[in-house]
Amino acid sequence: MRFTLGEQRLIRECEELSDLAEKSEWLRDAQFSRNRDGLLTWSFTLEVVDRHVPLTLVFPALFPDLPPFVLPADDTVRLSQHQYGEGGELCLQYRPDNWHPDCKSTDVVRSAKALLDATPKNDYLSDVESAHPSDLPSLLTGQQLRFMLPSETARLLRIRLAGHATDLRLTLEWRVGVTEVLVARVAVIGRDTGTCVPVDGPG
């Protein structure tokens, strides 16, 4: 039987995970399975300071182009502020935005351990600095309701308002993906559409 490069990589990664479980004192109860979506998973328990944390590593359908991700075994648990909601994926050092072919599933597991080692038992606020950008556009991408006001549009509004009401026409864009997002921006300022259309795009 011949395997594709992706399949060969997956087999190698599974062997390395098994080897890590065998040699690590902080990893136990490891086993491979499939979830309800048919994705390969590796469930394991991390021994973290004064507790045992059951987790599941999930290999996405597009592995190795996308990294495996880690979820708490209990889908109601909040383990860290570096997590996408209760029961959600942990935000680790190795993510879709920095994944590289040299990264391995074992690196993802070690990253989960580092995050939980830095998290107190009864407090999900981890002593780990966020690696995500904190600039306004990046923060806005995570918001479901957004109002875009680019600089040229803001300048036109200041001119037209000048202490009184001005007609505005908005364009609304409904984006459907993992989450549903509604983005609104100013399309026309005032009734004279020939001179008052913002030219600086959606921002």
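Scoring rules and cut-offs
- Along each chain, numbering runs from 1 in the same order as the chain's sequence is written.
- Residue-level local features of this predicted model are given only where pLDDT is at least 70; pairs of side-chain atoms are given and counted only at 80 or more, and the full residue set underlies all totals for whole chains, interfaces and linings.
- Note that water and hydrogens are dropped before the side-chain values are worked out from all heavy atoms of the structure.
- Centre distance within 6.5 Å is the pairing criterion for rings of Phe, Tyr and Trp, where only the six-membered ring of Trp is used; planes under 30 degrees apart are then read as stacked, over 60 as edge-to-face, and the remainder as tilted.
- Strands here are runs of E lasting at least two residues and helices are runs of H or I lasting at least four, both read from the DSSP assignment and numbered beginning at the N terminus.
- Here the term buried applies to any residue with accessible area under 20% of the maximum for its type, exposed to any over 50%, and partly exposed to those in between, with areas from a 1.4 Å probe on protein chains only.
- In what follows, salt bridge is the name for a side-chain nitrogen of Lys or Arg lying within 4 Å of a carboxyl oxygen of Asp or Glu.
- What is meant by a nonpolar core is a set of buried Ala, Val, Leu, Ile, Met, Phe, Trp, Tyr and Cys residues, joined one to another through side-chain atoms within 4.5 Å.
- Two strands make a pair as long as DSSP finds a minimum of two bridges between them.
- For every element, the axis is a line fit to its C-alpha atoms; helices are fit only across the contacting stretch, and the angle between N-to-C directions ranges from 0 to 180 degrees.
- Pairs of residues are marked as contacts when any of their non-hydrogen atoms sit within 4.5 Å.
- Here a patch means residues that are over 30% exposed by relative accessible area and free of salt bridges, tied together within 9 Å if like-charged and within 5 Å if nonpolar (Val, Leu, Ile, Met, Phe, Trp, Tyr).
- Reported accessibility uses the Shrake-Rupley method at a 1.4 Å probe radius. Residues are deemed covered only where the shown protein chains occlude them.

Draft legend 1. The arrangement of the packing of aromatic side chains in detail. Here the structure, examined in full by the defined rule, presents 3 aromatic pairs. Between the aromatic rings of phenylalanine 32 and tryptophan 42, the centroid separation amounts to 6.1 Å while the plane-to-plane angle is 40°, which identifies the pairing as tilted. Residue phenylalanine 32 is found in strand β1 (residues 27–34), and its partner tryptophan 42 is found in strand β2 (residues 40–48); the two are separated by 10 residues along the sequence. Phenylalanine 32 sits in the partly exposed class, given a relative accessible area of 33%. Relative accessible area serves as the criterion here: at 1%, tryptophan 42 is assigned to the buried category. By the ring-pair criterion, three or more aromatic residues cluster together here, those being Phe32, Trp42 and Phe44.

Draft legend 2. The arrangement of unusual backbone geometry in detail. The linkage connecting phenylalanine 63 with the following residue, proline 64, adopts the cis geometry, with an omega of 10°. Inspection of the secondary structure assignment puts proline 64 in the loop between β3 (51–58) and β4 (69–72). Even without being a glycine, aspartate 29 presents a positive backbone phi close to 55°. Here aspartate 29 shows up in strand β1.

Draft legend 3. Representation of the pattern of salt bridges within the structure. Scanning the model with the defined rule gives 6 salt bridges in all. Glutamate 16 serves as the salt-bridge partner of lysine 104, at 3.4 Å between the closest nitrogen and oxygen. Of this pair, lysine 104 sits in the loop between β4 and α2 (105–117) while glutamate 16 sits in helix α1 (residues 5–23), and the two are 88 residues apart along the sequence. Among the salt bridges present, the one from lysine 23 reaches aspartate 19, with a minimum N-O distance of 3.3 Å.

Draft legend 4. Geometry of the nonpolar core. With 27 residues, the main nonpolar core has Leu46, Leu55, Leu57 and Val109 as its most contacted residues. Those elements that provide at least two residues to this core are α1, β2, β3 and α2.

Draft legend 5. The arrangement of the sheet that holds β1 in detail. Pairing within the open sheet is antiparallel, and its 4 strands lie in the order β1-β2-β3-β4. Unpaired on one side and paired on the other, β1 and β4 mark the two borders of the sheet. Direction aside, neighbouring strands of the sheet carry axes that sit 25° apart on average. Bridge analysis of β1 against β2 gives 6 bridges, and the strand direction is antiparallel. Within β2, the position partnered with arginine 28 by the bridge is threonine 45. On top of the sheet, α2 reaches β1, β2, β3 and β4; it is set at about 35° to β2, its chief contact.

Draft legend 6. Broad picture of a nonpolar patch on the surface. The grouping of Leu168, Leu170 and Leu172 at the surface amounts to a nonpolar patch, some 290 Å² of accessible area in total. Summarising the element assignment, leucine 172 is placed in strand β6 (residues 168–176). Judged by relative accessible area, which is 60%, leucine 172 ranks as exposed.

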